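Residue strings, one per chain:
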Amino acid sequence: MRRAGVLLFAAVPVVVTAAVYAATPDGSGDSGGTRLSAARQARQEAKTRAESERAEDAEVIADAPAGLEAPATKELAQRLVASAENSTLDWRSAYGYIEDIGDGQGYTAGIIGFCTGTHDLRTLVERYTDAHPHNGLARYLPALRKVDGTPSHQGLEPGFVTAWKREAKVPAFRDAQQKERDRVYFEPAVRLAKLDGLGTLGQFVYFDAMVFHGPGTGPNSFYGLRERALAEADSPSEGGSEKNYLDIFLDVRRKAMKARKATIDTSRIDTAQREFLYDGNLDLRTPLRWKVYGETYRVP
């Protein structure tokens, strides 16, 4: 198209050529300045739209009930996750937890299952080291960067496990684990759930999925699961049924878990979240009773 345009321009009378020449911003006959101006305007318009959308989202979230962000309910959410991640309701007891559970993600550690193979543990230690340079985990950062994305322990043996457990006794590292949990998992999950029109149970369903599947965009990561669910059912913010949408989301998530490992235990869905949903407990009201891995848990 450009080549044809140039040929046509060459064929028209000189007087037209002069008029076009004079119309360019710098009189040089080069329309690059016009194109640059248009591109700059397009970027500004895109920025304005994005800012407007963020403002609208902030308004929706501000108008929504506290839901899972209410202190008592957030505490309940941590206990529910801990029952599946650490087989306990005492989530604070897991700061020093660390082991390789054989899932191909290296060491799993801490209150939310940070992994050496999935970026989040490395990021936690990096951010913690920025604030506390002389901590006991800082010397393992080169090794953590090398094994990131792999199940390898290379460079972490033999002292990393001991160093993690020792550092977990430091209040600043405990605080760092909580902040990273909230920044990476809790806050994004609750925010998006509110934008999708979901109540407290739905917000927890998103949070637990974010923890287990990770905040990635792949088909079996959290954002991929959400897109697949939205392809099958409308969210409440789109006029759909909250119960139906969550049922579809849990179906999609369960399939993703089975795709990872056919023999995986899906009781965190089957005998916990799904039962809350079928009981109509969309507000996640207590008392609660559920089972994970065959063990029964209760919150009065």
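Structure shown above.
About the criteria used
- Residues numbered from 1 in each chain as written.
- Predicted model: local features only at pLDDT ≥ 70, side-chain atom pairs only at ≥ 80, totals over all residues.
- Heavy atoms only, no water.
- Helix = DSSP H or I, 4+ residues; strand = E, 2+ residues; numbered from the N terminus.
- Contact = heavy atoms within 4.5 Å.
- Areas by Shrake-Rupley, 256 points an atom, 1.4 Å probe, with all protein chains shown as cover.
- Salt bridge = Lys/Arg side-chain N within 4 Å of Asp/Glu carboxyl O.
- Buried < 20%, exposed > 50% of the residue type's maximum accessible area, 1.4 Å probe, protein only.
- Phe/Tyr/Trp six-rings, centres within 6.5 Å; stacked < 30°, edge-to-face > 60°.
- Pairing = 2+ DSSP bridges.
- 1 Å grid on protein atoms, 1.4 Å probe; cavity = no way out; pocket = protein on both sides within 12 Å on 5 of 7 lines; lining within 4 Å.
- Points joined across faces, edges and corners; volume = space filled by probe spheres on them.
- Nonpolar A, V, L, I, M, F, W, Y, C, P; charged D, E, K, R; others polar.

1. Quick look at the overall build of the protein
1) Next: Along the protein, the regular secondary structure elements total 12 helices and 5 strands.
2) Next: Considering only intrachain contacts with a sequence separation of at least 6, the fraction spanning at least 24 residues in the protein is 56%.
3) Next: On the protein, roughly 15,900 Å² of surface is accessible, and the fraction owed to carbon and sulfur atoms is 53%.

2. A closer look at the pattern of salt bridges
1) Next: Under the defined criterion, the tally for this structure stands at 20 salt bridges.
2) Next: One salt bridge connects K179 with D175, and the closest N-O pair in it is separated by 3.1 Å. Here K179 and its partner D175 are both found in helix 8 (residues 171-195), 4 residues apart, which amounts to about one turn of the helix.
3) Next: For K179, a relative accessible area of 54% corresponds to the exposed category.
4) Next: Under the relative-accessibility criterion, D175 is labelled partly exposed at 35%.

3. Some points on the packing of aromatic side chains
1) Next: Scanning the model with the defined rule gives 13 aromatic pairs in all.
2) Next: Here Y128 and F173 contribute two aromatic rings whose centre-to-centre distance is 4.8 Å and whose plane-to-plane angle is 50 degrees, an arrangement assigned as tilted. In this pair, Y128 sits in helix 5 (residues 120-131) while F173 sits in helix 8, placing the two residues 45 residues apart along the sequence.
3) Next: Judged by its relative accessible area of 4%, Y128 is buried.
4) Next: A relative accessible area of 0% places F173 in the buried class.
5) Next: An angle of 80 degrees between the planes, with centres 5.1 Å apart, marks the rings of F222 and Y223 as edge-to-face.

4. Some details on the sheet that holds strand 3 (residues 114-115)
Hydrogen bonds along the backbone pair up the strands of a sheet, which may run parallel or antiparallel.
1) Next: Across the sheet, 3 strands lie side by side as 1-2-3; this open sheet has antiparallel pairing. A strand with exactly one partner marks an edge of an open sheet, and here the two such strands are strand 1 (98-99) and strand 3.
2) Next: Summarising the sheet, strand 1 and strand 2 (residues 108-109) pair through 2 bridges and their orientation is antiparallel. Across the sheet, residue I98 finds its bridge partner in strand 2, namely A109.

5. Description of the layout of surface pockets
1) Next: Approximately 810 Å³ is the volume attributed to the largest pocket.
2) Next: Contributing to the lining of the largest pocket are 33 residues, with I101, D103, Q105, F212 and R260 lying nearest its centre.
3) Next: Those elements giving two or more residues to the lining of the largest pocket turn out to be helix 4 (71-85), helix 8, helix 9 (200-213) and helix 11 (242-260).
4) Next: In terms of residues, the lining of the largest pocket owes the most to one element, helix 9, which gives 3 residues.
5) Next: One number sums up the size of the second largest pocket: a volume of about 160 Å³.
6) Next: Lining the second largest pocket, in full, are L124, R127, Y128, A131, H132, A172, D175, A176, K179, E180 and R183.
7) Next: Every element with two or more residues in the lining of the second largest pocket is listed here: helix 5 and helix 8.
8) Next: Counting residues per element, the lining of the second largest pocket draws most heavily on helix 8, which supplies 6 residues.
9) Next: Residues of the lining of the second largest pocket, tallied by class, amount to 5 nonpolar, 1 polar and 5 charged.

6. Observations regarding empty space enclosed by the protein
1) Next: Under the definition given, this model contains 1 cavity of 30 Å³ or more.
2) Next: Put simply, the largest cavity is a space of about 60 Å³.
3) Next: What lines the largest cavity is L80, S83, A84, F204, D208, R268, A272, Q273, W290 and V292.
4) Next: Of the residues in the lining of the largest cavity, the class split is 6 nonpolar, 2 polar and 2 charged.

7. With respect to the side chain of T129
1) Next: The residue T129 is located in helix 5 in this model.
2) Next: Given a relative accessible area of 12%, T129 falls into the buried group.
3) Next: In contact with T129, not counting residues within four places along its chain, are N135, A138 and L141.

8. Observations regarding helix 12 (residues 267-278)
1) Next: Within helix 12, burial applies to S267, R268, I269, A272, Q273, R274, F276 and L277.
2) Next: Following helix 12 by one or two positions, G280 has its phi on the positive side, about 75 degrees.

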